[in-house]
Amino acid sequence: MWRVNRARADRARYAFAVYQGEIKEVYEIQRWLPATEATRRYWRERENLQGEDFGDTHDGRSEFIGDVAPEEVRKKYVGKRMPVRHSQNPIRYFNC
């Protein structure tokens, strides 16, 4: 669930799950949609369990529907490092 530029996100073909700069998984995006109330509620409950309260910060966010990318795409990216980019935004767009 992210704040995205929907025009750019709609052109993206893949989404990468990245942890500490390493690509852990690749997903083929079918479509983006506004985050549902159920998704926002889920994250608010998790934050509350951790003693956090971010209020309405989940409003205006989007989520995607997709599947794990085909094996040939996964082989190309999974386990590789992301290019170094200095940004506080967790969303990065490449070629879209």
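What you are looking at is a predicted structure, and each value in this text was computed from that prediction instead of being measured.

Some words on the side chain of Thr 39
Structurally, Thr 39 can be placed in helix H2 (residues 37-49). In terms of polar contacts, Thr 39 uses its side chain to reach the side chain of Glu 63, at 3.2 Å. Those residues in contact with Thr 39 that sit more than four places away from it in its chain are Met 1 and Glu 63.

Quick look at the nonpolar core
In this structure, Val 4, Ala 9, Ala 12, Ala 15, Ile 29, Trp 32 and Ile 91 together form the largest nonpolar core, which totals seven residues. Residues contacting Trp 32, with those up to four places away along its chain left out, are Trp 2, Val 4, Arg 6, Ala 9, Asp 10, Ser 62, Glu 63 and Phe 64. Counting five residues, the second largest nonpolar core, distinct from the first, contains Ile 23, Ala 69, Val 73 and Met 82.

Here we look at the packing of aromatic side chains
Counted according to the given criterion, the structure contains six aromatic pairs. On the basis of an interplanar angle of 15° and a centroid distance of 5.9 Å, the ring pair of Trp 2 and Phe 64 is categorised as stacked. On the criterion of sequence distance, the pair formed by Trp 2 in the segment before helix H1 (6-9) and Phe 64 in strand E3 (residues 62-68) is long-range, its members being 62 residues apart. With 4.9 Å between their ring centres and 40° between their planes, Phe 16 and Tyr 77 make a pair best called tilted.

Some remarks on the environment of Ala 35
Inspection of the secondary structure assignment puts Ala 35 in the loop between strand E2 (22-34) and H2. Assessed through its relative accessible area of 6%, Ala 35 is described here as buried. Along the sequence, Ala 35 and Ser 62 sit 27 residues apart, while their C-alpha atoms lie 4.6 Å from each other. Other than its neighbours up to four places away in sequence, Ala 35 contacts Met 1, Arg 40, Arg 61, Ser 62 and Glu 63.

Section: the confidence of the model for the protein
Low-pLDDT portions of the prediction should not be read for the details of their coordinates. Per-residue confidence for the protein gives a mean pLDDT of 85, with 84% of residues at or over 70. The secondary structure element of the protein with the lowest average pLDDT is H2, at 84, and the one with the highest is helix H3 (residues 71-77), at 96.

Quick notes on the pairing of strand E1 (residues 14-19)
Pairing geometry for E1 and E2, over six bridges, is antiparallel. Opposite Phe 16, over in E2, you have Val 26 as the bridge partner. Taken together, E1 and the strand that follows it, E2, pair antiparallel across an intervening segment of two residues, in which Gln 20 is found at a positive phi of about 50°.

Some remarks on the sheet that holds E1
Pairing is antiparallel across the open sheet formed by three strands, whose spatial order is E1-E2-E3. In this open sheet, the two edge strands, each paired with only one partner strand, are E1 and E3. Neighbour to neighbour, the strand axes of the sheet diverge by 50° on average, direction disregarded. Bridge count for E2 against E3 is seven bridges, and the pairing is antiparallel. Within E3, the residue paired with Arg 31 across the bridge is Ile 65.

Scoring rules and cut-offs
Residues numbered from 1 in each chain as written. Predicted model: local features only at pLDDT ≥ 70, side-chain atom pairs only at ≥ 80, totals over all residues. Heavy atoms only, no water. Helix = DSSP H or I, 4+ residues; strand = E, 2+ residues; numbered from the N terminus. Polar contact = N/O pair within 3.5 Å; in protein donor to acceptor, adjacent residues only side chain to side chain. Contact = heavy atoms within 4.5 Å. Core = buried A, V, L, I, M, F, W, Y, C linked by side-chain atoms within 4.5 Å. Buried < 20%, exposed > 50% of the residue type's maximum accessible area, 1.4 Å probe, protein only. Phe/Tyr/Trp six-rings, centres within 6.5 Å; stacked < 30°, edge-to-face > 60°. pLDDT = per-residue confidence, 0-100. Pairing = 2+ DSSP bridges. Axes fitted to C-alpha atoms, helices over the stretch in contact; angles between N-to-C directions.

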